[in-house]
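# Fold and geometry: a report
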Amino acid sequence: TFVIMLSLPDPLLTLRGDGSSSPARPVHLDCVKASEQCLREPTCSTRYRTMRQCVAGRESNFSAVPGPEAQGECRSAIEAMKQSPLYSCRCRRGMKKEKNCLRIFWSIFQSLQGNDLLEYSPYEPVNSRLSDIFRLAPIIAGIFKAEPASTKENNCLSAAKACNLNDTCKKYRSAYINPCTSRVSASEICNKRKCHKALRHFFDKKVPTKYSYGMLFCSCPAGDQTACAERRRQTIVPICSYEDKDKPNCLSLQNTCKTNYICRSRLADFISSCQPEARSISGCLRESYADCLLSYSGLIGTVMTPNYVRSLSISLSPWCDCSSSGNSKPECQRFAELFTDNRCLRNAIQAFGNGTDVGVWQPQPPIEPT
């Protein structure tokens, strides 16, 4: 299967203080503004409406459009959209009207690409590599150390205490613990929808990353793989946000995720940002631990919420397995291994705990996918 990616504009050049130029990421119009701008222009508006009519209810199935003239009009409208501001629009995680922005993005993406694959992120790239976050990780963990660190130091407990000392972190942590631990009825242990929403608020830049990451990616030394690791696993209140009565098949869970614009987009961002690559220094195709950790945290609060599995090593997984996969078992296992056996994700979490970011290595440009 060939994945045809949207071609992006050439990177813009920014001027340094010494007068030399350096490549910078292009600034994309968010899809809500791009749609409004297109609808104000008569030609763009007409083409946009035609394109939406052509693909309504299907994925660019031109054979279902009657007559060669109508099919030609559809293709013409789609080609014209490549010259519009909608072609390269993006969204920002946690932005106002995020769901509407993502809806527009996916309608354009599926119209132009003719598929619903998840390898392409709808989110604007983060300009900051968050390298300081990696440097601050050991500092946050050591705030409460009254003596030299021992092999049994519970860094995850220290991270939770650091959060409680920060007003914003404490506020939003309480905001998700409450719905995630309050029983709704005799049969419902919590309101999972409210729990997920509050978790997304916590991780979607409401809380300074050094505190939210400190709790989520805290390191547990070899001398303590019980209390520390269990506290890290309990960070997102898994009995409500993660676990369920039955474990669905991972492909079924993926299909459920794809029906929701937020979950679909966060999963696409994770697949794009945490794509492993054996030939890279970091183990990541994009050579960025910060991007990988950001995309991983973005999944928390969706049906694809991942968490740590009780294990002596860093082992993560959504609440699903590959039983009852039938002929789709290899495909299911490949998807599950994006979490359970992902060198990029595992290295990123370890790097955060060690206080080392891939940025200090001055890596070569990211390896192009084949």
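Before any of the text, the structure's been laid out above.
These figures come from a predicted structure and were not determined experimentally. All residue numbers refer to positions counted from 1 along the written sequence of the respective chain. Only residues with pLDDT of 70 or above have their local features reported here, since the model is predicted, and side-chain atom pairs are shown and tallied only from 80 upward, although totals for entire chains, interfaces and linings are computed over all residues. Based on all heavy atoms of the structure, the side-chain values leave hydrogens and waters out of the count.

## Here's the deal with the state of the cysteines
What we call a disulfide is simply a covalent bond connecting the sulfur atoms of a pair of cysteines. Criterion for a disulfide: a pair of cysteine sulfur atoms at a distance within 2.5 Å. Inspection of the entire model under this criterion finds 13 disulfides. A disulfide bridge connects Cys-91 with Cys-101, and the sulfur atoms are separated by 2.1 Å. One quick way to see it: the torsion about the S-S bond of Cys-91 and Cys-101 is about -100 degrees, and its sign makes the bridge left-handed. With Cys-91 in the loop between helix H3 (68–81) and helix H4 (98–113) and Cys-101 in helix H4, this residue pair connects regions lying 10 residues apart in the sequence. For Cys-274, the disulfide goes to Cys-292, at an S-S distance of 2.0 Å. Only DSSP runs of H or I reaching four residues or more are called helices, and only runs of E reaching two or more are called strands; each is numbered from the N terminus.

## Remarks on the environment of Ser-324
Note on placement: Ser-324 falls in the loop between strand S4 (316–318) and helix H15 (329–340). A simple rule labels every residue: compare its accessible area, found with a 1.4 Å probe on the protein chains alone, to the largest value its type can have, and call it buried under 20%, exposed over 50%, or partly exposed in between. Relative accessible area serves as the criterion here: at 77%, Ser-324 is assigned to the exposed category. Sequence-wise, Ser-324 and Asn-249 are 75 residues apart; in three dimensions their C-alpha atoms are separated by 7.0 Å.

## Quick word on the nonpolar core
With 57 residues, the main nonpolar core has Phe-217, Phe-270 and Met-304 as its most contacted residues. Residues in contact with Phe-217, not counting those within four places in the same chain, are Leu-293, Tyr-296, Tyr-308, Ile-349, Phe-352 and Gly-353. Among the nonpolar cores identified, the runner-up in size contains 27 residues, and Met-81, Met-95, Cys-101 and Tyr-123 belong to it. Here, nonpolar core refers to any group of buried Ala, Val, Leu, Ile, Met, Phe, Trp, Tyr and Cys residues whose side-chain atoms link them within 4.5 Å. Contacts between residues were defined by any pair of non-hydrogen atoms, one from each residue, lying within 4.5 Å.

## Digging into helix H7 (residues 167–181)
How far a helix is expected to stretch is found by multiplying one less than its residue total by 1.5 Å. Counted at 1.5 Å a residue, the expected span for H7 with its 15 residues is 21 Å, and the 21 Å between its end C-alpha atoms agrees. When H7 is considered as a whole, its buried residues turn out to be Cys-169, Arg-173, Tyr-176, Pro-179 and Cys-180. The arc that holds the buried residues of H7, viewed along the axis, is 140 degrees, so those residues lie on one side. Facing away from the buried side of H7 by more than 90 degrees, the exposed set consists of Asp-167, Lys-171, Asn-178 and Thr-181. Backbone nitrogen of Thr-168 and a side-chain oxygen of the N-cap are separated by 3.2 Å at the start of H7; the cap is Asn-166. By construction, the arc corresponds to the directions joining the helix axis to the C-beta atoms. Two N or O atoms form a polar contact when they lie within 3.5 Å of each other; inside protein one atom must be a possible hydrogen donor and the other a possible acceptor, and for residues adjacent in sequence the pair counts only when both atoms belong to side chains.

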